[in-house]
Amino acid sequence: MAEPTSISTSRSDTPQRSDASSPVQSPISLDTPRTEDGDPFDNLNDLLRRLPSQSHILVTGGLGFIGSHTTLELLKANYNVIVIDNLSNAFEDVFNRIGRLARKHHEENGTKMPSMRLHAYDYRDTKALQPLLEEYQLPSRWGTPKSRIAGVIHFAAYKAVEESIRKPLKYYSNNVSGLIDFATTLGDFGIKTFIFSSSATVYGTLATSGLPLKEELCVHKEEVYTDHAGSQQSMQPGCTGITNPYGRTKWMCETILADLAVSDPEWTIVALRYFNPVGCDSSGLLGEDPRQAPTNLLPVVVKVMTGQYSELSMFGTDWETEDGTAVRDFIHVSDLARGHIAALSSANEGKLVENFRTFNLGTGKGNSVMDVVTTMESVIEKPIPRRAAPRREGDVGACVAVVDRSTEELQWKTEKSLKDACQDICNFLDVSGLSS
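Residues numbered from 1 in each chain as written. Predicted model: local features only at pLDDT ≥ 70, side-chain atom pairs only at ≥ 80, totals over all residues. Heavy atoms only, no water.

A.B. asks: Sorry if this is basic, but what is going on with the pattern of salt bridges here?
C.D. replies: A side chain with one charge can pair with a side chain of the opposite charge if their charged atoms come near. Tallying each qualifying case throughout the model produces 20 salt bridges. Lys-170 serves as the salt-bridge partner of Glu-163, at 2.9 Å between the closest nitrogen and oxygen. Among the residues examined, Lys-170 registers a relative accessible area of 30% and is labelled partly exposed. Two residues, Arg-386 and Glu-377, come together in a salt bridge whose shortest N-O distance is 2.7 Å. Connected through salt bridges with shared partners, the residues Glu-73, Lys-76, Asp-335 and Arg-338 form a single ionic network. (Salt bridge = Lys/Arg side-chain N within 4 Å of Asp/Glu carboxyl O. Buried < 20%, exposed > 50% of the residue type's maximum accessible area, 1.4 Å probe, protein only.)

A.B. asks: Would you explain helix α7 (residues 245-263) in this entry?
C.D. replies: Residues lying three or four places apart along an α-helix face the same way, a consequence of the helix completing one turn every 3.6 residues. Compared with the 27 Å implied by 1.5 Å per residue over 19 residues, the 27 Å span of α7 between its first and last C-alpha is a close match. Buried residues of α7: Pro-245, Tyr-246, Gly-247, Thr-249, Lys-250, Trp-251, Cys-253, Glu-254, Thr-255, Leu-257, Ala-258 and Ala-261, and no others. Buried positions along α7 lie against α5 (161-166), α6 (168-188), β9 (193-199), β12 (268-274) and β17 (356-361). Among the residues of α7, the N-terminal cap falls to Asn-244, whose side-chain oxygen and the backbone nitrogen of Tyr-246 are separated by 3.3 Å. (Helix = DSSP H or I, 4+ residues; strand = E, 2+ residues; numbered from the N terminus. Expected span 1.5 Å × (residues − 1). Contact = heavy atoms within 4.5 Å. Polar contact = N/O pair within 3.5 Å; in protein donor to acceptor, adjacent residues only side chain to side chain.)

A.B. asks: Can you walk me through the packing of aromatic side chains in this structure?
C.D. replies: Aromatic ring pairs are defined here through the distance separating the ring centres and the angle between the ring planes. Within the structure shown, the criterion is met by five aromatic pairs. Between the aromatic rings of Tyr-123 and Phe-182, the centroid separation amounts to 5.2 Å while the plane-to-plane angle is 90 degrees, which identifies the pairing as edge-to-face. Of this pair, Tyr-123 sits in the loop between β5 (116-120) and α4 (126-135) while Phe-182 is found in helix α6, placing the two residues 59 residues apart along the sequence. Here Tyr-123 matches Phe-182 in class, with each residue buried. Ring geometry for Tyr-158 and Tyr-171: centres 5.5 Å apart, planes at 45 degrees, overall tilted. (Phe/Tyr/Trp six-rings, centres within 6.5 Å; stacked < 30°, edge-to-face > 60°.)

Read these as geometric descriptors, not functional statements.
Below is the structure:
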């Protein structure tokens, strides 16, 4: 039976980026949506429908941009969800909107809503975390800790490249030290399935080397692989030219988790390297709505569209790209969220090649900043004021994923386009009453 949903709001003093929370008790029930049928990826949908509703997933940063969409997709996929978010860069109302969408999905599909709980404290607050984890402990005959929490998805990190250059200790403290304490506590309770929110920034300057960005270009143990020319290559552990502290925290966390997996085979850890998430849920009820000033491209475009900014600053128009603006692999956030479900399913089904595995989550195709602007202009049928601006410190000119590994091993692929993302953002503006 699904448990009632609750909110916990006992806030800690340590804020963190769009990701952590404290205890408030207020119930919500949620159930899972079916993904579209057709093609070989249907087996993922079948797998999701067979999952027991007793599975609980802990999501840190579950009300942030990516976290909220992943929380929604988890509920649609029939998981009970425990959200930790300190509301430093997200709003508590997001929790209610997720609940509305999940309930609507389950009503339409005739399925039962899983439970959803919100704890509004910082994920680093181990004093608050331990009583929560104790609630889900199971008796174990052999003394090995067991839990009804079947996995953790960890989004609770600071993520602004420019801020990380100005305030590196803030990033190392939250992103790296916080992860160490968090993983230690989870291990004490026998919770050892862990999906880590990583980033394409771990590839550093390789992004502009002309090499396809395969996972094997950044590894944590020696690996032999076949390169794009068909030759066997040996890659040594390490990283190449990471350009900012944010990226270094992601690489360090991956390394820590890889070492943990080697030391204890009971751990199953997936590091998902995101490229550039855009868009929002097609309902218009969820979107990218941070408390802090946005740094990602499309939220800034929205500020221009709604008159909050007079123009869009295009940072770097002299990159070695077709139109001079930076090229990125823009992935719709709903596709990205479903990638987490695929990773979690593979981890819990024992289908990973090894107990620490990295995956790129992107489309495999690049679009320039100019492409994004002109696509949005075609959707709103208005010009977007813009100006050329100097390159930002820590930026690279191009960053596009190779997605063969996630396609083959996770049975996951993207379904939505850049135009879909722009249209969904306009839906969000209309629903929010922000459209000009």
